[in-house]
Amino acid sequence: MGTLYPLVNLEEDIQKLPGVGLRRRPFYSRLMGDRIVDALFHLPINVQRRHVLSNFSDHYKDQLITFEATILKHSSAVRSVRTYRITLITSASQFIDLVFFNARPSYLRHIAPQGQTVLVSGKLESEKYNGQNKWKIIHPDYIGPVSALEQWGSTERLYSLT
């Protein structure tokens, strides 16, 4: 086989790549093979799609979504010290809770200050409360500035871990 770059032979051992030493070599060998060319053919096993929404509905329940919302309040659960909730409101006046277990409240207040508009992405869930859906996301994948929408993208490639 040829070379990808004049200094890299694709048939060489994967250990020649930066960041792959004696310690990590067995992991990468098991994951994708022993040669540099094997890394090029390590393809994703699945693709996840995230829907960008402004209004929640049952159609998107249990799917990955991305939305923009304003943070209303932070609260700890009364009975469980380990549960932490952030309540948000969307531009369509829908409320949603972000639920965290064993979270550090100081960190969550830092990345999602009250009153700020943020972008959130995660799996949409709901529960019936007084006959209406109460929307929530447990441990969202992303919380960040609204400008991050282009960086997050609408699809993600998934690779096997072992």
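Values in this document were obtained by computation on a predicted structure and should not be read as measured data.

Points about the pairing of strand E5 (residues 64–76)
Here 3 bridges tie strand E4 (residues 51–53) to E5, and the two strands are oriented parallel to one another. The residue bridging Leu53 from the neighbouring strand is Phe67, located in E5. Here 7 bridges tie E5 to strand E8 (residues 117–123), and the two strands are oriented antiparallel to one another. Opposite Ala69, over in E8, you have Val118 as the bridge partner. Alignment of E5 against strand E6 (residues 83–90), held across 7 bridges, turns out to be antiparallel. When the bridges of E6 are listed, Ser76 appears paired with Tyr84.

Here's the deal with the side chain of Thr90
Relative to the elements of secondary structure, Thr90 occurs in strand E6. Note on Thr90: relative accessible area 7%, which makes it buried. Leaving out residues up to four positions away in the same chain, Thr90 has contacts with Ser54, Phe56, Phe67, Glu68 and Ala69.

Examining the nonpolar core
Counting 20 residues, the largest nonpolar core has Phe56, Phe67, Ile86, Leu88, Ile96 and Leu98 as the members making the most contacts within it. Every element with two or more residues in this core is listed here: E5, E6, strand E7 (95–101), E8 and strand E10 (132–138). Ranked by the residues each element gives to this core, the list is headed by E5, at 4 residues. Setting aside residues no more than four positions away along its own chain, Ile96 makes contact with Phe56, Phe67, Ile86, Thr87, Leu88, Leu124, Trp135, Lys136 and Ile137.

Here we look at the pattern of salt bridges
If you walk through the whole model with that rule in mind, you get 10 salt bridges. Note that Arg35 and Asp38 form a salt bridge whose closest N and O atoms lie 3.0 Å from each other. Residue classification places Arg35 among the partly exposed residues on the basis of a relative accessible area of 32%. Accessibility expressed as a relative area gives 17% for Asp38, which makes it buried. Measuring nitrogen to oxygen at the nearest pair gives 2.9 Å for the salt bridge that ties Glu156 to Arg50. In this pair, Glu156 sits in strand E12 (residues 155–158) while Arg50 sits in the loop between strand E3 (46–49) and E4, placing the two residues 106 residues apart along the sequence. When sorted by exposure, Glu156 lands in the same class as Arg50, which is buried.

Thoughts on the pairing of E10
Bridge analysis of E7 against E10 gives 4 bridges, and the strand direction is parallel. What sits directly across from Leu98, in E10, is Ile137. Pairing geometry for strand E9 (residues 125–129) and E10, over 5 bridges, is antiparallel. Bridge assignment links Glu125 to a residue of E10, and that residue is Lys136. Where E9 folds back on E10, the antiparallel hairpin that results is connected by 2 residues, among which Asn130 adopts a positive phi of roughly 55°.

Quick look at the packing of aromatic side chains
In this structure the tally under the stated criterion is 3 aromatic pairs. On the numbers, 5.9 Å between centres and 55° between planes, the contact of Phe56 with Trp135 is tilted. Here Phe56 is found in the loop between E4 and E5, whereas its partner Trp135 is found in strand E10, with 79 residues between them in sequence. One aromatic cluster is present, built from ring pairs that chain together Phe56, Phe67 and Trp135.

Cut-offs used in this document
- Residues numbered from 1 in each chain as written.
- Predicted model: local features only at pLDDT ≥ 70, side-chain atom pairs only at ≥ 80, totals over all residues.
- Heavy atoms only, no water.
- Pairing = 2+ DSSP bridges.
- Helix = DSSP H or I, 4+ residues; strand = E, 2+ residues; numbered from the N terminus.
- Buried < 20%, exposed > 50% of the residue type's maximum accessible area, 1.4 Å probe, protein only.
- Contact = heavy atoms within 4.5 Å.
- Core = buried A, V, L, I, M, F, W, Y, C linked by side-chain atoms within 4.5 Å.
- Salt bridge = Lys/Arg side-chain N within 4 Å of Asp/Glu carboxyl O.
- Phe/Tyr/Trp six-rings, centres within 6.5 Å; stacked < 30°, edge-to-face > 60°.

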